[in-house]
Amino acid sequence: MNFNVLMTVLLFSDLILAQDVSNAAEAEISIETQSCNPDMCDLLREFGPMTEKLRAVETRLKDSETRMKDSDTRLKDSETRLKDSETRLRDSETRLRDSETQILELRSKESTKVIFSAATGGGLNNIGPFNTSTTLIYRTVISNIGNAYSPSTGIFVAPVAGVYYFTFFYHAGGTNQANLNLYKDNKLIVWTGDVKSTSDQTDNGGNAVFLQLQPGDQVYVRMDANSWVWGTDTHTTFSGFLVTQM
């Protein structure tokens, strides 16, 4: 082969090889450039910390939600306790009003006093005998607290509902019978008496009873027909008082 031709071939081969190397380098640079653009590389470098921050924010958000749920639970518990306290307070107020009402009732009962005691009196030495049963009028009032007893009729009228205690006594001579009867309204409750006797110079008798009365109930003493009693200010009496109000 001619030397000149050989040199030409070698030079052409080197040129082609250099061109191939240059093209390969340019291709590699292009690939690298495409795989990591400077802005993208910066973004990728910043994305890692941002992800961690985002995870931290999510964790704190979940913690906040948990604490919020706990706060809601505590708030509901507080509302429940508040309602319970309000209920107990209303119950206490109700009991207090009931106690005040009871106290007022007790004070009212304590302030209601009914006491009376009276004797036949009126300047009469003897009362009877009469042909019919007669209501005794105890004209000499010894005490009359509450003004429930009337000295003009001899009748006691209950001013309040309650339990009352009544007593009645008589003193008389034995020459005539003596029969006294205690009535509630028109009903005979108890009686006391003695038969006629020629041997007894004097007769004494009495009785007592507890009665439950309503306002307006009447209590009085009637003397049987053909009976008599001594009618002075000290011998024949009728008394009563309110034991307890109901």
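A. Structural detail: unusual backbone geometry. For the bond running from Gly 128 to Pro 129, omega is -5°, close enough to zero to count as cis. Among the secondary structure elements, Pro 129 is positioned in the loop between β2 (126-127) and β3 (134-135). Its identity as a non-glycine residue notwithstanding, Asn 147 has a phi of 55°, on the positive side. Mapped onto the elements, Asn 147 comes out in the loop between β4 (140-145) and β5 (156-157).

B. Structural context of the nonpolar core. Ranked by internal contacts, the top residues of the largest apolar core, which has 30 residues, are Phe 156, Tyr 164, Phe 166, Leu 182 and Phe 238. For this core, the secondary structure elements donating two or more residues are β1 (115-119), β6 (162-173), β7 (178-184), β9 (202-213), β10 (218-223) and β12 (237-245). Here this core takes five residues from β6, the largest share from any one element. Aside from chain neighbours lying at most four places away, what touches Leu 182 is Phe 166, Phe 168, Lys 187, Leu 188, Ile 189, Val 190, Val 209, Val 219, Tyr 220, Val 221 and Phe 238.

C. A look at the pairing of β6. Most of β6 is tucked away: nine of the 12 residues are buried. Pairing geometry for β6 and β12, over eight bridges, is antiparallel. What sits directly across from Phe 169, in β12, is Thr 237.

D. Quick peek at the side chain of Ser 117. Counting through the fold element by element, Ser 117 comes out in strand β1. Accessibility expressed as a relative area gives 16% for Ser 117, which makes it buried.

E. A look at the confidence of the model for the protein. In this model, the protein carries a mean pLDDT of 81, and residues with pLDDT of at least 70 account for 74%. Note that pLDDT drops below 50 for residues 5-13; the model gives that stretch one contact with residues more than four away or on any other chain. Contacts from residues 24-33, a stretch scored under 50 in pLDDT, to residues over four places away or in other chains number zero contacts.

What counts as what
Residues numbered from 1 in each chain as written. Predicted model: local features only at pLDDT ≥ 70, side-chain atom pairs only at ≥ 80, totals over all residues. Heavy atoms only, no water. Helix = DSSP H or I, 4+ residues; strand = E, 2+ residues; numbered from the N terminus. Core = buried A, V, L, I, M, F, W, Y, C linked by side-chain atoms within 4.5 Å. Buried < 20%, exposed > 50% of the residue type's maximum accessible area, 1.4 Å probe, protein only. Contact = heavy atoms within 4.5 Å. Pairing = 2+ DSSP bridges. pLDDT = per-residue confidence, 0-100.

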